[in-house]
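For reference, the chains in residue letters:
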Amino acid sequence: MIVTTTNTIEGRKIRTYHGIVVGEAIMGANVVRDIFASITDIVGGRSGAYESKLQDARDTALRELEQRAAAFGANAVVGVDLDYEVVGQSMLMVSASGTAVTVE
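Residues numbered from 1 in each chain as written. Predicted model: local features only at pLDDT ≥ 70, side-chain atom pairs only at ≥ 80, totals over all residues. Heavy atoms only, no water.

- The protein chain goes by UPF0145 protein VK792_16920 in an unreviewed UniProt entry, where it is assigned to Mesobacterium hydrothermale.
- Regarding the protein chain, the relevant UniProt record gives this comment under Sequence similarities (unreviewed entry): "Belongs to the UPF0145 family." (UniProt positions renumbered as here; feature names shortened; annotations may be inferred.)

Below is the structure:
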């Protein structure tokens, strides 16, 4: 499955547009991670725990996007956009959307 943020794929012709597909992941943080992230904020630096959770959410959303595109019979998703939102106090939502297409 080709997944790209561009609207075309160089050297490939789009034969069929199947429609918009979306993959979403909502991940919760836990109290221990919050405490360590707070310490990192105070002393400076990066929060590896949150970066790892963010990567997991992004991977899950993109995997779901690909599965939904495949269900349409698509072999690519173009125009992919990733959005990040905080839900509540400790939930992170990642949404991946794009257009499922069949390319040659």
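### Thoughts on the overall build of the protein chain
Part 1 of the reasoning: The helix and strand inventory of the protein chain stands at two helices and four strands.
Part 2 of the reasoning: Residues classed as buried in the protein chain amount to 29% of the 104 residues present.
Part 3 of the reasoning: Across the protein chain, contacts joining residues at least 24 apart in sequence account for 76% of those joining residues at least 6 apart.
Part 4 of the reasoning: Carbon and sulfur atoms make up 53% of the accessible area of the protein chain, which amounts to about 6400 Å² in all. (Helix = DSSP H or I, 4+ residues; strand = E, 2+ residues; numbered from the N terminus. Buried < 20%, exposed > 50% of the residue type's maximum accessible area, 1.4 Å probe, protein only. Contact = heavy atoms within 4.5 Å. Areas by Shrake-Rupley, 256 points an atom, 1.4 Å probe, with all protein chains shown as cover.)

### Here we look at the pattern of salt bridges
Opposite charge on two side chains allows them to pair when their charged atoms are near.
Part 1 of the reasoning: Evaluated as defined, the whole model comprises two salt bridges.
Part 2 of the reasoning: Residue Arg 15 pairs with Glu 104 through a salt bridge whose shortest N-O separation is 2.4 Å. Of the two residues, Arg 15 is situated in strand E2 (residues 14-28) and Glu 104 in the segment after strand E4 (91-103); the sequence distance between them amounts to 89 residues.
Part 3 of the reasoning: A residue is classified by how much of its surface remains accessible, and Glu 104, at 47% relative accessible area, is partly exposed. (Salt bridge = Lys/Arg side-chain N within 4 Å of Asp/Glu carboxyl O.)

### So, the sheet that holds E4
Hydrogen bonds between backbone atoms are what pair the strands of a sheet, whose relative direction is either parallel or antiparallel.
Part 1 of the reasoning: In spatial order, the strands read E1-E3-E4-E2; together these four strands make up an open sheet with mixed pairing. Every interior strand has two partners, whereas the edge strands, strand E1 (2-3) and E2, have only one.
Part 2 of the reasoning: Pairing of E2 with E4 involves 13 bridges; the strand directions are antiparallel. Its bridge partner lying in E4, Glu 24 is registered against Ser 95. (Pairing = 2+ DSSP bridges.)

### Points about the environment of Val 22
Part 1 of the reasoning: Along the chain, Val 22 turns up in strand E2.
Part 2 of the reasoning: For Val 22, a relative accessible area of 23% gives the class partly exposed.
Part 3 of the reasoning: The spatial distance from the C-alpha of Val 22 to the C-alpha of Ala 61 is 8.0 Å, given a sequence separation of 39 residues.
Part 4 of the reasoning: If we ignore the near neighbours within four places in the chain, the residues touching Val 22 are Glu 64, Leu 65, Arg 68, Ser 95, Ala 96 and Ser 97.

### Re the pairing of strand E3 (residues 76-87)
Part 1 of the reasoning: Both E1 and E3 contribute to a ladder of two bridges, which runs parallel. Pairing of Val 3 across the sheet is with Val 77, part of E3.
Part 2 of the reasoning: Both E3 and E4 contribute to a ladder of ten bridges, which runs antiparallel. If you follow Val 77 over to E4, its bridge partner there is Ala 100.
Part 3 of the reasoning: Connecting E3 to the antiparallel partner E4 that follows it, the hairpin turn spans three residues, and Gly 88 within it adopts a positive phi of roughly 65 degrees.

### So, a nonpolar patch on the surface
Part 1 of the reasoning: Together, Ile 26, Val 87 and Met 91 give the surface a local cluster of nonpolar side chains, amounting to about 230 Å² of exposed area.
Part 2 of the reasoning: Assignment of secondary structure puts Val 87 in strand E3. (Patch = residues over 30% accessible without salt bridge, like charges linked within 9 Å, V, L, I, M, F, W, Y side chains within 5 Å.)

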